[in-house]
Amino acid sequence: MSAPAIIVIVEAEASTRATLCGILEDTGYRVIGLKKGADALKTIRGSSFDAVITDIILPDVGGIEILELAKEINPDAAVIIMTDCASVETALDAVKHGAYAYFVKPVDPDEMKTAITNALKQQRLSLENKRLVESLQRSNRLLFEANKELKKANRLKSEFMAAMSHELRTPLNVIIGFSQLMLDGVPREINEEQRQCLEDILSSGEHLLNMVNDILDLSKVESGKMELRLRNVALTDVIESLRRTMMPLLTQRKQSLNVKLEKRLPLIHVDEARVRQVLLNLLSNASKFTPDGGKLEVRAAREGDQCQVSVIDNGIGIEKGDHERIFAAFDQVDNSVKREKGGTGLGLTIAKQIVEMHRGRIWVESEYGNGSSFMFTLPLAPKASHAQEKERVGSK
């Protein structure tokens, strides 16, 4: 059970003081009744209190002085002013100095009890709010420190991943290079069994190198070290180049690739190598998750001051609840598919980061079993010069 509230009553008139003390003591408060203002100042300085009731005019010290000291020592204390010579000026002065209430004598006991009850309730709420604010501030400080440590750990992780990726690429390139030389019969002729083993080594080495490159790209993005080399680019040329790159894989799986581009598609202002990386990733995924004999399509059209590119397939599709998750690092929508198809799960994460670095956005529209459409936007180039426009049109 909490201790009773302490109320200091300062009143020169003995009968009024005794009446107020009796009423409030009967209510359950601990009451200190004082006649002189000087005694009140001494008590306030030396004892704890929750509320003060004081006459505004006392023989030695004014009620406003008591009010000021009480609020200085305990800002949450409720101070109630009483007077038998009320005026607008005294009322305004009391309120200006922080008085909770202002009563004209004779004071109605019930009104005083109600005022004290409300004042102490407000005081408890104020103190509870302060405790909550202080607790929140402490939590925020702890969260801030934890975030600092998390950012530091994330930075160290990215630096470690980048360093390890660089270290791994050198021996992998050596393995790939010597495998190719041996397959070409440079050292000496090899038999069919040796060729099969070397092809497995080469395929695994290239697969591992692609994974290392993905990790290195993600590390660059996370550490802010990936820089874009922006220039005006004809998207038509990029897509045509990718069509040639993808054709051996598509032919092997009897998949078709249809390209639908807006006529006289404007130039885009991008890092050509990074945009090619995004498109290659989306097209590779589309082929990977589309059955043999399936259909792939690339569309591009102007949308305001941007170009919208779509990569569409009629493959296995994606559950609606996974549309956001597939862009998270090291994540794929189906672990069984991941094991079957391979990969780090970083391709879409890197694609998203690259698109957003170009101030574009990327999203997917898909229904499981009915294929997927990956869309992203890229900025159009500033108004092309006449020579650039002629070059773009001539390249179509």
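Structure report, in brief. (Residues numbered from 1 in each chain as written. Predicted model: local features only at pLDDT ≥ 70, side-chain atom pairs only at ≥ 80, totals over all residues. Heavy atoms only, no water.)

Okay, the packing of aromatic side chains next. All chains considered together, the criterion is met by one aromatic pair. Between Phe327 and Phe374, the ring centres sit 6.3 Å apart and the planes meet at 75 degrees, which makes this aromatic pair edge-to-face. Note that Phe327 is positioned in the loop between β10 (306-313) and α9 (335-341) and Phe374 in strand β12 (residues 372-379), a separation of 47 residues in sequence. Residue Phe327 shares its accessibility class with Phe374, and that shared class is buried. The ring of Trp363 has Arg361 sitting right over it, with the charged end atom 3.8 Å from the ring centre. (Phe/Tyr/Trp six-rings, centres within 6.5 Å; stacked < 30°, edge-to-face > 60°. Helix = DSSP H or I, 4+ residues; strand = E, 2+ residues; numbered from the N terminus. Buried < 20%, exposed > 50% of the residue type's maximum accessible area, 1.4 Å probe, protein only. Lys NZ or Arg CZ within 6 Å of the ring centre and 35° of its normal.)

To summarise the sheet geometry, strands pair through backbone hydrogen bonds and adopt either a parallel or an antiparallel arrangement. Strand order across the open sheet formed by five strands is β2-β1-β3-β4-β5, with parallel pairing between neighbours. Edge strands, defined here as strands with exactly one partner in the open sheet, are β2 (30-34) and β5 (101-104). Neighbour-to-neighbour, the strand axes of the sheet open up by a mean angle of 15 degrees, direction not taken into account. Where strand β4 (residues 78-83) and β5 come together, four bridges link them in parallel fashion. Across the sheet, the residue bridging to Ile81 is Tyr102, located in β5. (Pairing = 2+ DSSP bridges. Axes fitted to C-alpha atoms, helices over the stretch in contact; angles between N-to-C directions.)

Further remarks concern the nonpolar core. Ranked by internal contacts, the top residues of the largest apolar core, which has 42 residues, are Leu235, Leu279 and Phe376. For Leu279, the residues in contact, after removing those within four places along its chain, are Leu235, Val238, Ile239, Leu242, Val309, Val311 and Phe376. By size, the runner-up hydrophobic cluster in this structure holds 23 residues, among which are Leu34, Ile44, Val61 and Leu69. (Core = buried A, V, L, I, M, F, W, Y, C linked by side-chain atoms within 4.5 Å. Contact = heavy atoms within 4.5 Å.)

So, about the pattern of salt bridges. Using the criterion set out here, one finds 13 salt bridges in the structure. One salt bridge in this structure joins Glu11 and Lys105, with 2.7 Å as the shortest N-O distance. Separated by 94 residues along the polypeptide, Glu11 in the loop between β1 (6-10) and α1 (14-27) and Lys105 in the loop between β5 and α5 (109-183) bring together distant segments of the chain. With a relative accessible area of 18%, Lys105 lands in the buried category. For Glu356, the salt bridge is made with Lys352, and the minimal N-O distance between the two is 2.7 Å. Separated by four residues within a single helix, Glu356 and Lys352 lie in helix α10 (residues 347-357), roughly one turn from each other. (Salt bridge = Lys/Arg side-chain N within 4 Å of Asp/Glu carboxyl O.)

The next point concerns the pairing of strand β3 (residues 51-55). Counting buried positions over the five residues of β3 gives five, a clear majority of the element. Two elements, β1 and β3, share four bridges in a ladder whose sense is parallel. Bridge pairing links Ile7 to Ala51 in β3. Examined bridge by bridge, β3 and β4 share five bridges and lie parallel to one another. The partner of Asp55 across the bridge, within β4, is Met82. Taken together, β3, helix α3 (residues 63-73) and β4 form a β-α-β motif whose crossover is right-handed. (Right-handed = clockwise from strand over helix to strand, strands pointing away.)

Take the environment of Tyr100 next. With respect to the element layout, Tyr100 can be found in the loop between α4 (88-96) and β5. Looking at Tyr100, the relative accessible area reads 32%, which means it is partly exposed. In sequence terms Tyr100 and Asp322 are 222 residues apart; their C-alpha atoms lie 58 Å from each other.

Checked against the element boundaries, Pro59 lands in the loop between β3 and α3. Residues Pro59 and Gly37, spaced 22 residues apart in sequence, show a C-alpha to C-alpha distance of 7.6 Å.

A separate point is a nonpolar patch on the surface. A cluster of nonpolar side chains, Val174, Phe178, Leu181 and Val186, forms an exposed patch at the surface whose accessible area comes to about 370 Å². Take Val186: it is sitting in the loop between α5 and α6 (192-222). (Patch = residues over 30% accessible without salt bridge, like charges linked within 9 Å, V, L, I, M, F, W, Y side chains within 5 Å. Areas by Shrake-Rupley, 256 points an atom, 1.4 Å probe, with all protein chains shown as cover.)

The next point concerns the side chain of Ser179. Structurally, the position occupied by Ser179 is in helix α5. For Ser179, the side chain forms a polar contact with the main-chain oxygen of Ile175, separated by 2.7 Å. Non-local contacts of Ser179, meaning those with residues more than four positions away in its chain, are made with Leu198, Ile201 and Leu202. (Polar contact = N/O pair within 3.5 Å; in protein donor to acceptor, adjacent residues only side chain to side chain.)

None of this, on its own, says anything about what the molecule does.
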